[in-house]
Every structure is written in structure tokens, then in C-alpha cells.
Amino acid sequence: MATERETVLTGANVVLPTGTVPNGRVAVAGRRIAADAPAGARAVDVSGHWLVPGFVDVHNHGGGGASFSGTAEDALTAIRTHRAHGTTTLVASTVTDEMDLLVRQAGLLSELAEQGEIAGIHFEGPFISPCRKGAHSEGLLRDPDPAEVRKLIDAARGKAKMVTLATELPGGIDSVRLLAEHGVIAAVGHTDAGYEQTVQAIDAGATVATHLFNAMPALNHRAPGPIAALLQDERVTVELINDGVHLHPAALQVAFRHAGAHRVAFITDAMDAAGTGDGRYMLGPLEVEVSEGVARLVEGGSIAGSTLTQDRAFQRAVTVDKLSVEDAVAALSATPARLLGLSDRVGSLEPGKDADLVLLDADFALKGVMRQGEWVIAPQLP
């Protein structure tokens, strides 16, 4: 007899790794996608909708009025907020702070990773350039001493997924090698590096560009800087914040044309205000003012993360940026899942993988979210 978690969704445009199947179907048995509908499974007609894989966000600082720099309950609030917007797999990002506080936070977040609530931890700072600090406290920045990088990795108890570094700083290249040796992604970001310095970091093992274009020198015809090096190397996945604030649409098109959807990971870089609203918030030790959905530091006015959710990034990608649905799915699901080494479980709608899926209407507005076979947001269908 079928249980309430045995379902077959029918009639949608189903986006698979091989392309979109009109009038397709996805069967769910327990926590997984099934090859065939279980006997007696409940049929749900989702005609006129799109079914895409759950979104994977590898760079996220918080949401719902809470951050990953706070308590465990704060972190859970942020997780639930983003799940309700389609992010079924999420890496929790910290911001620059005192080392002992980051070590403590790593321990707290590693417990949530062990419980399956998050996919791991991303340390953005303190090993970044004061020249490109963005919304990080300059007084807390430090050079990437491999011993201190190792301290954070150890505190994360095997759950560290990524560390953002200004690799041109003293200790930067050695830290990249250390991270690569420990299976942690070394990301080039908040950097003032030149082209040759960035190539050196990639050759040492760096494989991600933290929010490409943002917090790094601009592309110049005589000094191409890190952007050219990161875009041209097939070993590098580039993060993009597709909120209409961080990037001009032409910059996004440049990234897609040079890197391709298989090397682009859409991220939110979300802070507390994501899924909430305008007002005053804290990003680590810094105060942020959110006005009309744009987050900026109260002191200095730098952009301070985003209020983006991944459903909005998807909708913008296909309606404003005119990406194909398949490329948007790659950038929001398949590519970040592969980056995290999780593509055997998430990132595409294939039998045996987690039943993580997002239901979108004809205008690509979110109508339902399922995570591991259970509805986070149940669709309201006629």
C-alpha cells in the first residue's frame, strides 16, 4: 500500500539532465525519486507547471531575520526561510569576525551539518584583502596563515566546504594548497590580485571565484586581473549573484558565454533580510540598512550581501536574462551540486536521488517545494 510519501507528479514540463520533457512525470517513493510510480501512489496533476530540481546554494549568510553567525535556532530560521524559496541544499556562510568566534561558530554549524540541515560551512573571511573588503570589518582582517586556516578546518570537524581567500596575500598560495590537500574548496574572492597571481592560485588548487566581478579588480584590456583568469580556466566554477543589483545583465551574459552553464553557480550571498523586508540588520559586527530590497553598510554604503532568494534568481534568469530553462537549472542546481561533490544525491531529477524538487508556474513563480519526499511548501492546485 502506498504511503503519503509515495506520489507521482504528472503533466508538468520536467527538466531532466537530457532536456525538458513536456507532459512529463516524476515518481516519489519515500525520500527518493523512483524510476516507476509505486503501486497505489497518489497522483498529483501539475499540468501547466515546470518541475525542476531543488536549488543548491553554496554561499548564503542568512535569511528570515536571522544569520548563520548567530545561534543554532537562528541558523534553523535562515534554513527554513530559504527552503520555502526552493533551496533544498544550502551551505552556511560565515563573515569576518574574531578567530575564536569563528572557531566556535564552526563547531555550532558542524552539528547542523551532521544533522543534515546544511551541506557544510563556507568561511568568507577573515583572510581577505582590505582593499576589497566589501561588507567585512577591516580591523578583523588578517593574512591567510595556513596554521589559522587549518584551525578553522579542524573546528568544522570535516564539514568545511569552502574558504574564500585573497590568495595574493602572504600565505595565500600555501593556504590554497592546504585546503586542496584537505578536500576543501579554495575560492578566490575579496581579492586585489592581478592576472598572473590569480593564475598561480588556480594552478595551486583554487577552483571557485567568489561572486565573480564583485569585490575584485575590474576587467581591463591591459591589466585583465582576476576576472579574465577565473573565466578562462575550465577548472574554475564562478559564482554569480543574479539579483539585478550586483551585476549588470551584460556582465552575466559575458560569464555564461565564456564559462558556460556547467561552470556557473548562482548564489544568493543572502543576509538576514532575505525573505523578510527593509530595515536595520547586523552582518557580523557591522550594521546594515536595507532599503527597497538592497542591503548596504550604514557606514560607507558598500553593498552588504543581498536579500535574494533562489526562486527569484531563477525567475530573473529566464524572464529578464533570457537564459534557457535548462541553463538556469544547471546554474541553480546541477553545477553547484557537482561543485560540492553531491551530484550523486542532488542537483537533478533522476531515479535514486533525493526527491528535492521545485514546482513553478507558467511564469516561473514558485508554487511548491519538496525536500527528501516531503512538501516544504505544498502546491495549492485546482
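Rules and cut-offs
- Residues numbered from 1 in each chain as written.
- Predicted model: local features only at pLDDT ≥ 70, side-chain atom pairs only at ≥ 80, totals over all residues.
- Heavy atoms only, no water.
- Core = buried A, V, L, I, M, F, W, Y, C linked by side-chain atoms within 4.5 Å.
- Buried < 20%, exposed > 50% of the residue type's maximum accessible area, 1.4 Å probe, protein only.
- Helix = DSSP H or I, 4+ residues; strand = E, 2+ residues; numbered from the N terminus.
- Contact = heavy atoms within 4.5 Å.
- Salt bridge = Lys/Arg side-chain N within 4 Å of Asp/Glu carboxyl O.
- Polar contact = N/O pair within 3.5 Å; in protein donor to acceptor, adjacent residues only side chain to side chain.
- Axes fitted to C-alpha atoms, helices over the stretch in contact; angles between N-to-C directions.
- Left-handed = near helix turned anticlockwise from the far one by under 90°.
- Nonpolar A, V, L, I, M, F, W, Y, C, P; charged D, E, K, R; others polar.
- Pairing = 2+ DSSP bridges.
- Parallel < 35°, antiparallel > 145°, perpendicular 65-115°, else oblique.
- Phe/Tyr/Trp six-rings, centres within 6.5 Å; stacked < 30°, edge-to-face > 60°.

K.L.:
What exactly am I supposed to notice about the nonpolar core here?
P.N.:
Note that soluble globular proteins tend to have their nonpolar side chains buried in a common cluster. Counting 89 residues, the largest nonpolar core has Leu212, Leu240, Phe256, Phe266 and Phe314 as the members making the most contacts within it. Ranked by residue count, the leading element in this core is helix H9 (residues 325–339), at eight residues. Look past the residues within four positions of Leu240 in its chain and what remains in contact with it is Leu212, Phe213, Leu247, Leu252, Ala255, Phe256, Val264, Ala265, Phe266 and Ile267.

K.L.:
So what exactly am I meant to see when it comes to the pattern of salt bridges here?
P.N.:
Oppositely charged side chains can form a pair if their charged atoms are brought close together. Taken as a whole, this structure holds 17 salt bridges when the rule is applied. The closest approach of N and O atoms between Arg280 and Glu289, which form a salt bridge, is 2.2 Å. The closest approach of N and O atoms between Lys353 and Glu350, which form a salt bridge, is 2.8 Å. Taken together, the salt bridges that share partners define one network made up of Arg32, Arg345 and Asp354.

K.L.:
Could you clarify how one ought to interpret the side chain of His49 in this entry?
P.N.:
Position of His49 relative to the elements: it lies in the loop between strand E4 (42–45) and strand E5 (50–53). A distance of 3.1 Å separates the side chain of His49 from the backbone oxygen of Ser47, its partner in a polar contact. With residues near it in sequence (within four places) discarded, His49 still touches Ala12, Asn13, Leu359, Leu360, Asp361, Lys367 and Leu381.

K.L.:
Quick question: what am I supposed to make of the packing of helix H5 (residues 195–204) against helix H6 (residues 225–232) here?
P.N.:
Each pair of packed helices gets described by two things: the angle between the helix axes and the distance between those axes. Following both chains from N to C, one finds H5 and H6 inclined at 35°, their axes separated by 7 Å at the closest point. The interaxial crossing formed by H5 with H6 has right-handed handedness. Within the contact between the two elements, H5 uses Tyr195, Thr198, Val199 and Ile202 and H6 uses Gly225, Pro226, Ala228, Ala229, Leu230 and Gln232. Looking at the contact of H5 with H6 residue by residue, the classes come out as seven nonpolar, three polar and no charged.

K.L.:
How should I be thinking about the sheet that holds strand E6 (residues 55–60) in this particular structure?
P.N.:
The parallel open sheet is built from eight strands, whose spatial order is E6-E9-E10-E11-E12-E13-E14-E15. With partners counted over all chains shown, the strands left at the sheet margins are E6 and strand E15 (264–267), one partner each. As paired strands, strand E12 (residues 185–188) and strand E13 (residues 208–209) are joined by two bridges and run parallel to one another. Residue pairing across strands places Ala187 opposite Val208, the latter belonging to E13. Packing of helix H7 (residues 249–259) onto the sheet brings it into contact with strand E14 (237–241) and E15, and relative to E15 it is tilted by some 145°.

K.L.:
Looking at this structure, I do not really get the packing of helix H4 (residues 172–181) against H5. What am I missing?
P.N.:
The interhelical angle for the contact between H4 and H5, taken along N-to-C directions, is 25°, at an axis separation of 8 Å. The angle between the axes of H4 and H5 places the two elements in the roughly parallel class. As for the relative orientation of H4 and H5, their crossing is right-handed in sense. Contacts from Ile173, Val176, Arg177 and Ala180 of H4 reach H5 at Gln200, Ala201 and Ala204. Residues of the contact of H4 with H5, tallied by class, amount to five nonpolar, one polar and one charged.

K.L.:
In this structure, what is going on with the packing of aromatic side chains? I would like to understand it.
P.N.:
Aromatic rings in a pair are described by how distant their centres are and how their planes are angled relative to each other. As enumerated under the stated definition, the model contains four aromatic pairs in all. When the ring of Trp50 is compared with that of Phe364, the centres are 5.4 Å apart and the planes differ by 35°; the resulting orientation is tilted. Within this pair, whereas Trp50 is found in strand E5, its partner Phe364 is found in the loop between strand E19 (357–360) and strand E20 (366–371), the two being separated by 314 residues in sequence. Look at Phe364 and you get buried, because its relative accessible area is 12%. Put simply, the rings of Trp50, Phe55, Phe314 and Phe364 touch in pairs and so form one group of aromatic residues.

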